[in-house]
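Letter by letter, the chains look like this.
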Amino acid sequence: EPEVTQTPSHQVTQMGQEVILHCVPISNHLYFYWYRQILGQKVEFLVSFYNNEISEKSEIFDDQFSVERPDGSNFTLKIRSTKLEDSAMYFCASSETDREVEPQHFGDGTRLSIL
Amino acid sequence: AQSVTQLGSHVSVSEGALVLLRCNYSSSVPPYLFWYVQYPNQGLQLLLKYTSAATLVKGINGFEAEFKKSETSFHLTKPSAHMSDAAEYFCAVRDNYGQNFVFGPGTRLSVLP
């Protein structure tokens, strides 16, 4: 079964540094998402992306965050100047359509640790 | 905006016992509801979804959930717990006004031998 793949599985970065998290969504999917899960807390929506532009974002997704689809397969999340509170598990997801009945398929996540 | 609550952040059952994980949603219009499971150090895997076709929904690994409009609930059950069921379970609803999912806080299921 096709999978969403995320790299790296664990990223350790100094506070203030830029970090890019990588995702390869399922190949025939058109809608892409990033979610965040701070340790011990619930999964929170960050951003959705379709047709090469952001379609929706949460209040968490401030100017420090950006997303990009640099080629036909990758979907990246960039944090420009990381803060300690950015430490979390970041999940990429994709779906074929945006129909409400459509589930989103999640990757295994990237654990981001900010020192 | 939609929201879901999950009563019980941690549930422990004995192997072979009934599993009941609770989920309630807040919406005047029945939403589309999902259950996801997260095994340690893994991502979220879809267990099952409610799409209004049937109130009792069967999912993978022997899990099922029943949609009850009168109770605004979508509880997850499994007749007999297995050690491999130990994981975090999240109830989720599709936001009415957007494409994103709104997740509940999760319930950690422990299965005791």
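Residues numbered from 1 in each chain as written. Chains lettered and ligands numbered in written order. Predicted model: local features only at pLDDT ≥ 70, side-chain atom pairs only at ≥ 80, totals over all residues. Heavy atoms only, no water.

(A) Representation of the overall build of chain B in the model. Of the regular secondary structure elements, chain B holds zero helices and 12 strands. Secondary structure elements of chain B, listed N to C terminal, follow the sequence β-β-β-β-β-β-β-β-β-β-β-β. Taken over C-alpha atoms, the radius of gyration comes to 13 Å for chain B, in line with the 13 Å a tight globule of 113 residues would show. Oriented by its inertia axes, the alpha-carbon framework of chain B measures out at about 45 × 30 × 20 Å. The buried share of chain B, reckoned over its 113 residues, is 47%. (Helix = DSSP H or I, 4+ residues; strand = E, 2+ residues; numbered from the N terminus. Rg over C-alpha atoms; globule rule 2.2 N^0.38 Å. Buried < 20%, exposed > 50% of the residue type's maximum accessible area, 1.4 Å probe, protein only.)

(B) Examining the interface of chain B and chain A more closely. Contacts between chain B and chain A engage 22 residues on the former and 22 residues on the latter. Summed over both partners, the interface of chain B with chain A buries about 1900 Å², with 53% contributed by carbon and sulfur atoms. One can count zero salt bridges joining chain B with chain A. Inspection of the region where chain B meets chain A yields five residue pairs in polar contact (both at pLDDT 80 or more). Of all the elements in the fold, those that place two or more residues in the side of chain B that touches chain A are strand 5 (33-38), strand 6 (44-50), strand 10 (87-94) and strand 11 (101-103) of chain B. (Contact = heavy atoms within 4.5 Å. Buried area = accessible area lost by both parts, 1.4 Å probe. Salt bridge = Lys/Arg side-chain N within 4 Å of Asp/Glu carboxyl O. Polar contact = N/O pair within 3.5 Å; in protein donor to acceptor, adjacent residues only side chain to side chain.)

(C) Structural context of the sheet that holds strand 1 (residues 5-7) of chain A. All names here are of chain A. Taken together, the four strands give an open sheet; going across it, the order is 1-3-8-7, and neighbouring strands pair in antiparallel fashion. Two strands lie at the open edges of the sheet, namely strand 1 and strand 7 (65-68), each paired on one side alone. Recorded for the sheet is a direction-independent mean angle of 20° between the axes of neighbouring strands. Alignment of strand 7 against strand 8 (residues 75-79), held across four bridges, turns out to be antiparallel. Paired with Ser66 across the strands is Lys78, a residue of strand 8. (Pairing = 2+ DSSP bridges. Axes fitted to C-alpha atoms, helices over the stretch in contact; angles between N-to-C directions.)

(D) Focus on the pattern of salt bridges. For the structure on display, the rule yields five salt bridges over all chains. Two residues, Lys78(A) and Glu18(A), come together in a salt bridge whose shortest N-O distance is 4.0 Å. With Lys78(A) in strand 8 and Glu18(A) in the loop between strand 2 (10-13) and strand 3 (19-24), this pair connects stretches of sequence that are 60 residues apart. Note that Glu88(B) and Arg108(B) form a salt bridge whose closest N and O atoms lie 2.9 Å from each other. Within this pair, whereas Glu88(B) is found in strand 10, its partner Arg108(B) is found in strand 12 (residues 107-112), the two being separated by 20 residues in sequence.

(E) Representation of the packing of aromatic side chains. Taken as a whole and assessed by the stated rule, the structure comprises 19 aromatic pairs over all chains. Taken together, a centroid distance of 5.3 Å and an interplanar angle of 50° make the contact between Tyr35(A) and Phe106(A) tilted. Remark: Phe106(A) occurs in strand 10 (residues 105-106) and Tyr35(A) occurs in strand 4 (residues 31-37); sequence separation between them is 71 residues. Look at Phe106(A) and you get buried, because its relative accessible area is 9%. Both rings, one in Phe101(B) and one in Phe103(B), keep their centres 6.1 Å apart while their planes meet at 40°; by these two values the pair is tilted. Residues Phe101(B) and Phe103(B) agree in their burial class; the two are buried. Connected via pairs of aromatic rings, a cluster forms that spans Tyr35(A), Phe45(A), Phe106(A), Phe34(B), Tyr36(B), Phe90(B), Phe101(B) and Phe103(B). (Phe/Tyr/Trp six-rings, centres within 6.5 Å; stacked < 30°, edge-to-face > 60°.)

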